[in-house]
Amino acid sequence: MLAALRSRALLHHSSSSSFSNLQQWKLGFLGLERTRSSSSIESNKATELLNLQEIEQILSDVKADDIRVIPVRQHCDFMVIATGRSTWHVKNIAQALIYKAKQKQKGAQRISLPSVEGQEGGKWVVIDSGTVIVHALDEKARAYYNLESLWTTETSPKEPSSQELENAFVKIRPKNNSKKSVQMSS
Amino acid sequence: MTNTVTLNHLGRSVFGGLGNISSGSLRTSLDSTWNNFLSQQQQRTFIQMRTVLKVVDNSGAKKVMCIQALKGKKGARLGDTIVASVKEAHPNGKVKKGEVVYGVVVRAAMQRGRCDGSEVKFDDNAVVLLDKQGQPRGTRVFGPVPHELRKKKHLKILTLAEHIA
């Protein structure tokens, strides 16, 4: 079974953008990694909490609507957005994911659960399992926050284009509209 | 206004130890320059009552004044929640002037140590408004945000942010 897990993990890595990126991110994210730092197989770290395929399966089991998977290169690998029909449904999605993570780690000494935010409110629940972040929203919240438009336009708009840069450096002489008559030097 | 993020890889100030060079009564020129250097570095502190912070989301407020730092005796730091009163707001926004709001500090002038020994500090103090349950009031967050917020369970602000420092 371990071999199957390993091969699945390797497959996952071949699809992700860069392995070195993952390494750098892992250095900063010591909270979840501490329990697994002793493991010699590094590829296991990516699938330690919840795998993308497992998440998709659970979401379809729970009958979450409108599931979108967005690859993100910044602080996580994938972002999954799902809608729940009511607040209870949203909470249920979160609980199902945690249950699956608990089941996966049955028998290990320490269980590290994915961190959940917003569980009491029920409007927007975020489940953070390291490489994958799952957002469960209800209809109104999804329309309000509009996360797809944020994350599907991946290009960073903060970098000024070369055209804007040229305009910034052009020196514009201020217009002299004063009515004061010019003194003629004799 | 550009925001510069300074990352210091020295945990404590190196100059603190070197400042006490002169031992005798002779005040050397080197000593006075070190003292000048020390007084030039401004020591930033916590965000406490009466601190005015900038609002960096599109909830409608522009400036808030901190009323209470919810955790910490000395004040709030990067990533902490505060209670604030809106001092300045956009005319047609969701948040009105004089409203008491909760917020999370996303940029602080005081440096915050990271687990690898480096420190982060920003040029200004900025806050993102939340409601009592922790849901962001706005839909977008402007400017850089540090990833200390991930550990502090503020992933929602990270997802709405445009740039993560």
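Every value quoted in this text rests on a predicted model; they were computed, and no experiment measured them. (Residues numbered from 1 in each chain as written. Chains lettered and ligands numbered in written order. Predicted model: local features only at pLDDT ≥ 70, side-chain atom pairs only at ≥ 80, totals over all residues. Heavy atoms only, no water.)

> Where do I start with the interface of chain B and chain A in this structure?
The figure often quoted for interface size is the accessible area lost as the parts come together. Contact residues are listed per partner, giving 20 residues for chain B and 29 residues for chain A. The contact between chain B and chain A buries some 2100 Å² in all, and 59% of this surface belongs to carbon and sulfur atoms. For the interface between chain B and chain A, the tally reads 1 salt bridge. Across the pair Asp128 of chain A and Arg150 of chain B runs a salt bridge whose closest N-O atoms are separated by 2.8 Å. Our enumeration of links across chain B and chain A arrives at 11 residue pairs in polar contact (both at pLDDT 80 or more). Secondary structure elements with two or more residues in the side of chain B that touches chain A: helix 3 (148-151), helix 4 (155-160) and strand 10 (161-164) of chain B. Of the residues forming the side of chain B that touches chain A, the biggest block, 5 residues, is contributed by helix 4 of chain B. Its residues assigned to classes, the side of chain B that touches chain A comprises 6 nonpolar, 7 polar and 7 charged. (Contact = heavy atoms within 4.5 Å. Buried area = accessible area lost by both parts, 1.4 Å probe. Salt bridge = Lys/Arg side-chain N within 4 Å of Asp/Glu carboxyl O. Polar contact = N/O pair within 3.5 Å; in protein donor to acceptor, adjacent residues only side chain to side chain. Helix = DSSP H or I, 4+ residues; strand = E, 2+ residues; numbered from the N terminus. Nonpolar A, V, L, I, M, F, W, Y, C, P; charged D, E, K, R; others polar.)

> Hey, could you run me through the packing of aromatic side chains in this one?
Between two aromatic rings, the relevant description is the distance of the centres plus the angle of the planes. Residue and element names in this part refer to chain A. Going through the model one piece at a time under the given rule, you end up with 2 aromatic pairs over all chains. Judged by centre distance (4.6 Å) and plane angle (40°), the ring pair of Trp124 and Tyr145 falls under tilted. Here Trp124 is found in strand 4 (residues 124-129), whereas its partner Tyr145 is found in helix 6 (residues 139-145), with 21 residues between them in sequence. Both residues of the pair, Trp124 and Tyr145, belong to the buried class. Taken together, a centroid distance of 4.9 Å and an interplanar angle of 70° make the contact between Tyr144 and Tyr145 edge-to-face. Residue Tyr145 is classed as buried on the basis of its relative accessible area of 5%. One aromatic cluster is present, built from ring pairs that chain together Trp124, Tyr144 and Tyr145. (Phe/Tyr/Trp six-rings, centres within 6.5 Å; stacked < 30°, edge-to-face > 60°. Buried < 20%, exposed > 50% of the residue type's maximum accessible area, 1.4 Å probe, protein only.)

> Teacher, can you tell me more about the sheet that holds strand 8 (residues 126-130) of chain B here?
The strands making up a sheet are joined through hydrogen bonds of the backbone, oriented either antiparallel or parallel. Residue and element names in this part refer to chain B. A barrel is described by the order of its strands in space; here 5 strands give the closed sequence 2-3-4-5-8, paired in mixed fashion. Averaged over all pairs of adjacent strands, the angle between their axes in this sheet comes to 55°, without regard to strand direction. Looking at chain direction, strand 3 (residues 61-69) and strand 4 (residues 81-89) are connected through 7 bridges and run antiparallel. Bridge assignment links Val64 to a residue of strand 4, and that residue is Val86. (Pairing = 2+ DSSP bridges. Axes fitted to C-alpha atoms, helices over the stretch in contact; angles between N-to-C directions.)

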